[in-house]
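The lines below spell out each chain.
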Protein chains: 2
Amino acid sequence: MEVTQRRVSIRGVRPQVDCGRFPAKRSVGEPIDVEADILADSHDLIGAVVLWRPAGADDWDEASMELVANDRWRGTVEADEPGRYEFTIRAWIDRFATWQRDMAKRVDAGVSTEIDLQVGAEIIAAAMNNSTEAAAKDALQRAHDALLDDSQPVPRRADEALSEELAELVSANDDRRFATTFDRTLEIRVDRERARFSSWYEFFPRSAAPEPGRHGTFDDAIARLPYVASMGFDVVYLPPIHPIGKTHRKGPNNVTEAGPDDPGSPWAIGSSEGGHKSVHPELGTLEDFDRFVAAADEHGLEVALDIAFQCSPDHPWVSEHPEWFKERPDGSIQYAENPPKKYQDIYPLNFESDDAEGLWTELKSVFEFWIDRGVTIFRVDNPHTKSFPFWQWCLDELTREHPDTIFLSEAFTRPKVMYELAKVGFTQSYTYFAWRNRKWEIEQYYNELHRTEVADFFRPNSWPNTPDILTEFLQYGGRAAFVQKLILAATLTANYGIYGPPFELMLDEARPGAEEYVDNEKYEVKHWDLAQPDSLREMIARVNRIRSENPALQQDREFTFHHVDNEELLAFSKATRDKSNVVLVVVNLDPNWKQAGTTWLDMEALGLEPDSQFQVHDRIGESRYLWHGPSNYVELDPHVTPGHIFVVRDIHRTERDFPTF
Amino acid sequence: MEVTQRRVSIRGVRPQVDCGRFPAKRSVGEPIDVEADILADSHDLIGAVVLWRPAGADDWDEASMELVANDRWRGTVEADEPGRYEFTIRAWIDRFATWQRDMAKRVDAGVSTEIDLQVGAEIIAAAMNNSTEAAAKDALQRAHDALLDDSQPVPRRADEALSEELAELVSANDDRRFATTFDRTLEIRVDRERARFSSWYEFFPRSAAPEPGRHGTFDDAIARLPYVASMGFDVVYLPPIHPIGKTHRKGPNNVTEAGPDDPGSPWAIGSSEGGHKSVHPELGTLEDFDRFVAAADEHGLEVALDIAFQCSPDHPWVSEHPEWFKERPDGSIQYAENPPKKYQDIYPLNFESDDAEGLWTELKSVFEFWIDRGVTIFRVDNPHTKSFPFWQWCLDELTREHPDTIFLSEAFTRPKVMYELAKVGFTQSYTYFAWRNRKWEIEQYYNELHRTEVADFFRPNSWPNTPDILTEFLQYGGRAAFVQKLILAATLTANYGIYGPPFELMLDEARPGAEEYVDNEKYEVKHWDLAQPDSLREMIARVNRIRSENPALQQDREFTFHHVDNEELLAFSKATRDKSNVVLVVVNLDPNWKQAGTTWLDMEALGLEPDSQFQVHDRIGESRYLWHGPSNYVELDPHVTPGHIFVVRDIHRTERDFPTF
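My aim in this report is to walk through the structure given alongside it, one point at a time. Keep in mind it's a predicted model, so treat the numbers as computed, not measured.

## Quick word on the interface of chain A and chain B
Inference 1: Each partner contributes residues to the interface: chain A has 67 residues there, and chain B has 67 residues.
Inference 2: For the pair chain A and chain B, the summed buried area comes to about 5900 Å², and 54% of that belongs to carbon and sulfur atoms.
Inference 3: When the buried area of chain A at its contact with chain B is split by residue, A:Met1, A:Glu352 and A:Lys416 rank highest and sum to 12% of it.
Inference 4: The interface formed by chain A and chain B contains 18 salt bridges.
Inference 5: For A:Arg21, the salt bridge identified is with B:Asp183, shortest N-O distance 2.7 Å.
Inference 6: The interface formed by chain A and chain B includes 26 residue pairs in polar contact (both at pLDDT 80 or more).
Inference 7: Within the residue set of the side of chain A that touches chain B, elements represented by two or more residues are β1 (8-14), β3 (32-40), α1 (95-109), α2 (114-130), β15 (336-338), α9 (356-372), α10 (388-401) and α11 (415-424) of chain A.
Inference 8: Taken together, the residues that form the side of chain A that touches chain B break down as 24 nonpolar, 14 polar and 29 charged.

Below is the structure:
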């Protein structure tokens, strides 16, 4: 019989991912709200704290919790450094607060008695005995004695004991008798700021040569960096840089027979020249790559490498570790298949291998190899075709040893699989952004990402295009479609990226019937005319500048859609928690026609009183409008202004008591 | 380094209350759906089963799970007997199903090869080696050999290996290599049917004397049973039957000074005549009570006792166990208070007592005392003023020892406290039913109760009135209001009850400004004229008969609100899972005026094709209407027909292919 005098229950603790099986994700500098339902029988008042510490530390820090509403409590903590943290919650009956509340009512009703005061004095005495500090002990002793000093009338003594100061003094020395501690310690992984806010630019270094016809090198890629930096990006992401397989190499447009001069796909990794820890000789040497990383750093850019755990038939692992691949009954190695299609240029790794330990260790060492060369960000190709327990182990180990490393999951697959990868440890995740075109589907999707518990483990990264994706919307929407998708990607989520130069050059020709580029750069060396006069380069630079100037756009937690009475007009706002920076985005989703409508703004989300006058200042076109209250007219011509990124300024409150003469 | 070759993840398992901290609730004969998100990397097919057994049994039963949609899987189990059960989930890569799927595509595309067949033969051979049954071994051997018999062409052999029979045979003998078992065993408490479906009638036995002015006895209560049974109830619930305290006894209308002949409140329990294990002498003896229980049983009624864990100052526990109460500084015992109000006739028990173990044991023994006298149902008064851990222990012990016992929680307090009591073990719970009058609030509330995970632990019991509650709606709505609330209570939830005779006699006079009966029976012996001509007795009998004839109304899981374009008209349906019984309720919420509107029915919830013709047969007024499709006209005059309880009959499907000559 396990008897307890504890009376407080702690339920529904947040953040908590899958009942605590996975850490929740937050970032440095972000206030971390911890919430719980905290209940006790009867009507006594409750005291509660968040206990919080770096994982494995001996002592807890405390943050007090306050009742929000309906038995929901909240406390806020913060972390200065990346790493693992842990928290739990402790709550107890606050006897002195309960006594003060009841006493105040008795005093009001004129029914306070000497005995009521004695009850309070007993609680103070208990705190006094519990106190270890002389000053506190003295102060409590004085309060105790004053309460029992019968030279003063009862109501007067009661009144004096109702002070906030005394409440704090007793609370600070309370023994928290019969306190309940939540039955689990939950974990939060705090990442550095770039995990939350990043702007990615992807390009193929082999297409970076200034003259046509030549295979680009790391030196050419270095020369491309000022261009990338001038657009305001902070992550430069390269497709795989490893030696490319020759057996079954694919030719232009993915034909199965490559010509002798076809460069092959960088995702068919490995040749006699090396595997995942080597660089493709035509790009240069490892030392050239090191110079590229250093040059990027000088331009304020971090390098993200693409890690694709798959092998060409020529990869050294195939001969050195055949046990890491699936063997067919004829002794050959199983190539990739999506029956009836065969991908004979790719051998998948077998996570059911008898030597899973050797395989896991080697794969992890690939990341370590590049981390040792200064790479801090990885974009992982098709992580959903590698086992989830492997990722959980690998990312857990790597982020403990290198808490600054960021991993972006490139999984365009079923939603729960994408979420599982985020849970097991990916820092950021690709999204369905490219295929969300209608207002209702954008609202539904980003409400799910930003406003449900998905936001505790999944950090969305929005890409309008990739080497694999050229949507019909971009194929047929012209410049307006590109600008609209740019604005949305850069504001719906704090993390976004583009695949350039095809994006800024508005390349829109697809393989017929497919949502893919024709003559795809994946299979060819390209030459891009960056000086093309209609390039979106300036627009991109402007949007990235707006992002860097407005902290509201550097986070996804304070996010609200606003109603507009036109299905082609989308409106949403982001704000800092203190509402010192509020951004309202209004976009015309129709790339063809002018659209107009009336907003119905959620004024509270904008930090405004319901009837405020306020200025909205479009940082794209620099136009300004004076708006009033929730309903305001908007009109967007996609050929002139596909969207506004408004900074909201509360110019003054409506003067309610202005004389009406 | 914990390496695993397991590749399947099991997430979001339901039912699961508070991450498995509490058992989910189901009842005998109810299909129990077990659901989970089951995922693996890549594109292999998955096999999954629910493992299910009585708690503590050695072996698991298995129920296969099927993919529903979006990686959600479902399996269904059932329990024949009340008790504790436990379940978990096991899932694995189904290699043979995957092979069959891929092979079918290769055959279709004409690209199947001998090696593909050898891969299949290897999987069959593994099952064969794993098989313990000679017949299965033989059949697998034959299938294996046939697959490798190169006298037949590859596509023909492939085709033969794609049969469902072979799939089942291999699956039954599969070794489920690298299977994942969900990391928790979850519990389900299966209660008997009455936990799910019950009709309660509350009355004060002391008011049951046939002549006015006399204190009723158990014998008078026995004489009242045919009346109760004639209305179709199955639970007869008595307020506390224990000796009533004399110190600070309350008089009529709760005045603090009782006259010498005032009977006092039955909730002020205990006197020199005994406490919670004694009966009030004016009602009779324990043997009289036993006869009452036996007589009720003869009428198909179960007796529910009211257990109120609180004491009058005269209760034997006060002198025998002063340590179970809170002592004030002057040595007196702390009475109940809601400052500035004092309830000096009631001493609350102190769950922070140093002798909590003695207190818990004694309280549990109160239930056991009455269980031993044949009581199977308890209505627990104000459980939210007793500690939650006590209830969790007490109800857990009692339901393990007496799995047929039902406990109804009388907590009208904050929603999360009511839910907590249900989680810690109460079988049924009072609800906010009495105060939910508007359509939107009824829809919101019952959707929360029936269609969210609340339904996994909270069984609602709807009461339109109690000795403590006479709502303004009943005070001013006349007969229509009583009938409307009767229909709603009896159909919104499978468990409901009324406090009679005030309900059927439509007593509507309240203490001014309060939602309470004036001259409350709690403080007086009453005499009721049951033969009053406008009594609702017949209507109640009819409603209870409809409940007993329609299994759809005996459960709350298959429940759907339907749109009606009039805010005064509420429509909802309940159905058996196989839709063999479908009931549609339409109620006019306005007790004053005739209301009309058009339905927009969810045809699927009614088990109907979108354009079906169907009959709705009102089992209250026996009117019948032929309806067609989702939109149908309804009109309800509250003075004639406050509501319909329609049985839905699908008379025939629309003949789509009737010749159009």
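## Considerations on the relation of the copies chain A and chain B
Inference 1: Between chain A and chain B, the superposition needs a rotation of 180° and an axial shift of 0.0 Å, giving an RMSD of 0.0 Å. With respect to symmetry, the two chain copies, as superposed, fit the operation of a two-fold axis. Taking C-alpha positions as the reference, the residue of chain A nearest the rotation axis is A:Cys19, at 2.9 Å.
Inference 2: Of the interface residues in chain A, 100% have counterparts in chain B that sit at the interface too, so the contact is made through matching surfaces.

## As for the sheet that holds strand β12 (residues 235-238) of chain B
All names here are of chain B.
Inference 1: The 8 strands lie next to each other as β11-β12-β13-β18-β19-β20-β21-β22, forming a closed barrel whose pairing is parallel. The mean angle between the axes of side-by-side strands here comes to 25°, regardless of whether they run parallel or antiparallel.
Inference 2: In the sheet, strand β11 (residues 198-202) pairs with β12 via 3 bridges, with the strands oriented parallel. By the bridge assignment, Glu 202 is partnered in β12 with Tyr 237.

## Some details on the state of the cysteines
Inference 1: Tallied over the entire structure, the rule returns 1 disulfide over all chains.
Inference 2: Disulfide partner of A:Cys19: B:Cys19, at an S-S distance of 2.2 Å. In this structure, the disulfide formed by A:Cys19 and B:Cys19 twists by about -90° around the S-S bond and is classed as left-handed. Here A:Cys19 is found in the loop between β1 and β2 (24-27), whereas its partner B:Cys19 is found in the loop between β1 (8-14) and β2 (24-27) on a different chain.
Inference 3: Note on A:Cys19: relative accessible area 16%, which makes it buried.
Inference 4: Here B:Cys311 is not disulfide-linked; the sulfur of B:Cys394 is the nearest cysteine sulfur, at 15 Å.
Inference 5: With a relative accessible area of 0%, B:Cys311 lands in the buried category.

Rules of the game
Residues numbered from 1 in each chain as written. Chains lettered and ligands numbered in written order. Predicted model: local features only at pLDDT ≥ 70, side-chain atom pairs only at ≥ 80, totals over all residues. Heavy atoms only, no water. Contact = heavy atoms within 4.5 Å. Buried area = accessible area lost by both parts, 1.4 Å probe. Salt bridge = Lys/Arg side-chain N within 4 Å of Asp/Glu carboxyl O. Polar contact = N/O pair within 3.5 Å; in protein donor to acceptor, adjacent residues only side chain to side chain. Helix = DSSP H or I, 4+ residues; strand = E, 2+ residues; numbered from the N terminus. Nonpolar A, V, L, I, M, F, W, Y, C, P; charged D, E, K, R; others polar. Least-squares fit on C-alpha atoms with pLDDT ≥ 70 in both. Pairing = 2+ DSSP bridges. Axes fitted to C-alpha atoms, helices over the stretch in contact; angles between N-to-C directions. Disulfide = S-S within 2.5 Å. Buried < 20%, exposed > 50% of the residue type's maximum accessible area, 1.4 Å probe, protein only.

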